Amino acid sequence: EELWSLAQELWDFYKRRFIFPLSQGNNMLAGARHKGESWIPFDFTSTTFGSRGAYVSEAVGYGLLLSLFMNEQNIFDSILHDAERYLFMHSTGHYSWLGYWDPATQAIERRQTNAASDADMDIAAALILAIGRWGDNTITAELYEPHVETPYISTFTYSERVRTLLETTNRNFL
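Residues numbered from 1 in each chain as written. Predicted model: local features only at pLDDT ≥ 70, side-chain atom pairs only at ≥ 80, totals over all residues. Heavy atoms only, no water.

**Section: helix H5 (residues 158-173)**
End to end, H5 covers 22 Å across 16 residues, agreeing with the expected 22 Å (1.5 Å per residue, within 8%). Taken residue by residue, H5 has Tyr158, Ser159, Arg161, Val162, Leu165, Thr168 and Thr169 as its buried positions. (Helix = DSSP H or I, 4+ residues; strand = E, 2+ residues; numbered from the N terminus. Expected span 1.5 Å × (residues − 1). Buried < 20%, exposed > 50% of the residue type's maximum accessible area, 1.4 Å probe, protein only.)

Listed below in structure tokens is the structure:
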């Protein structure tokens, strides 16, 4: 009971510090092109982009694992949705390791076409465990591309994304 209370306290701190709901009007994230509740894990410890904060695939993996551990599927699915929307690269089957909030476009901009294999494996592990906990859920995301008039809609299940990540990691990194 005491350890669970401490875990909940730490999770609440982590959410306040690193995961921001777009709908709460956070100054940095206000106006993002997303409807409804959206949870974005940002790493504000990085100074790469100054006060804008970095949206890194490692933070996505941590956020997924922690929300799974704390049994918060709504946050898990929202983190996964936004990682798909802003970081997943369909051409390679990996998540871009870096994006950041761009005030000019009022959206999260993907800044790298490289992947972080450790993040992809954390995401895959979280998805495998989520299937065991919640079943093989389906995610639908409108992909954000700043200069595309008709956005691409991506629909996938947890298991489909795991398969993609494992296959592309095996092919590209092993």
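Picking up where we left off.
**Let's talk about the pattern of salt bridges**
Tallied over the entire structure, the rule returns three salt bridges. Here glutamate 72 and lysine 15 are joined by a salt bridge, their closest N and O atoms 3.2 Å apart. With glutamate 72 in the loop between helix H2 (57-69) and helix H3 (73-86) and lysine 15 in helix H1 (residues 2-18), this pair connects stretches of sequence that are 57 residues apart. As far as burial versus exposure is concerned, glutamate 72 and lysine 15 are alike and both buried. Residue glutamate 84 is joined to arginine 161 by a salt bridge in which the shortest nitrogen-to-oxygen separation is 2.9 Å. Highlighted residues: glutamate 84 in helix H3 and arginine 161 in helix H5, separated in sequence by 77 residues. Across the pair, arginine 161 and glutamate 84 agree in class, each one buried. A cluster of three or more residues bridged by salt bridges with shared partners is formed by Asp12, Lys15 and Glu72. (Salt bridge = Lys/Arg side-chain N within 4 Å of Asp/Glu carboxyl O.)

**Observations regarding the nonpolar core**
Counting 28 residues, the largest nonpolar core has Val60, Leu64, Phe76, Leu80 and Tyr95 as its most contacted members. Of all the elements in the fold, those that place two or more residues in this core are H1, H2, H3, helix H4 (117-134) and H5. For this core, the element with the highest residue contribution is H3, accounting for six residues. Beyond its immediate chain neighbours, meaning those up to four positions away, phenylalanine 76 contacts Leu64, Ser67, Leu68, Ala126, Leu127, Ala130, Trp134 and Tyr158. (Core = buried A, V, L, I, M, F, W, Y, C linked by side-chain atoms within 4.5 Å. Contact = heavy atoms within 4.5 Å.)

**Examining the environment of glutamate 72**
By relative accessible area, which is 18% here, glutamate 72 ends up buried. Beyond its immediate sequence surroundings of up to four residues, glutamate 72 is in contact with Trp11, Lys15, Ser67 and Trp134. There is a polar contact of 3.2 Å between the side chain of glutamate 72 and the side chain of lysine 15. (Polar contact = N/O pair within 3.5 Å; in protein donor to acceptor, adjacent residues only side chain to side chain.)

**Some thoughts on a nonpolar patch on the surface**
A cluster of nonpolar side chains, contributed by Leu3, Leu6 and Leu10, occupies part of the molecular surface with about 330 Å² of accessible area. Tracing the chain through its elements places leucine 10 in helix H1. Assessed through its relative accessible area of 52%, leucine 10 is described here as exposed. (Patch = residues over 30% accessible without salt bridge, like charges linked within 9 Å, V, L, I, M, F, W, Y side chains within 5 Å. Areas by Shrake-Rupley, 256 points an atom, 1.4 Å probe, with all protein chains shown as cover.)

**Some remarks on the side chain of threonine 157**
Mapping threonine 157 onto the fold places it in strand S9 (residues 153-157). There is a polar contact of 3.2 Å between the side chain of threonine 157 and the side chain of serine 159.

**Considering the pairing of strand S8 (residues 138-142)**
Burial along S8 is one-sided: the face carrying Ile139 and Ala141 is buried and the face carrying Thr138, Thr140 and Glu142 is not. Sheet topology places S8 next to S9; five bridges connect them, and they run antiparallel. Each residue of the ladder has a partner; that of threonine 138, found in S9, is threonine 157. (Pairing = 2+ DSSP bridges.)

**Some points on the confidence of the model for the protein chain**
The predicted model of the protein chain has a mean per-residue pLDDT of 77, with 68% of residues at 70 or higher. In this model residues 22-38 is a low-confidence stretch, pLDDT under 50, and it forms 38 contacts with partners more than four residues away in sequence or in other chains. (pLDDT = per-residue confidence, 0-100.)

**A closer look at the packing of H2 against H4**
One way to put it is that H2 packs onto H4 with a least axis distance of 8 Å and a crossing angle of 20°. Considered as vectors, H2 and H4 are oriented roughly parallel to each other. The element H2 and its partner H4 pack so that their crossing is left-handed. Contact residues: H2 offers Ser57, Glu58, Val60, Gly61, Tyr62, Leu64, Leu65, Ser67, Leu68 and Phe69, while H4 offers Asp118, Ala119, Asp122, Ile123, Ala126, Leu129, Ala130, Arg133 and Trp134. Its residues assigned to classes, the contact of H2 with H4 shows twelve nonpolar, three polar and four charged. (Axes fitted to C-alpha atoms, helices over the stretch in contact; angles between N-to-C directions. Parallel < 35°, antiparallel > 145°, perpendicular 65-115°, else oblique. Left-handed = near helix turned anticlockwise from the far one by under 90°. Nonpolar A, V, L, I, M, F, W, Y, C, P; charged D, E, K, R; others polar.)

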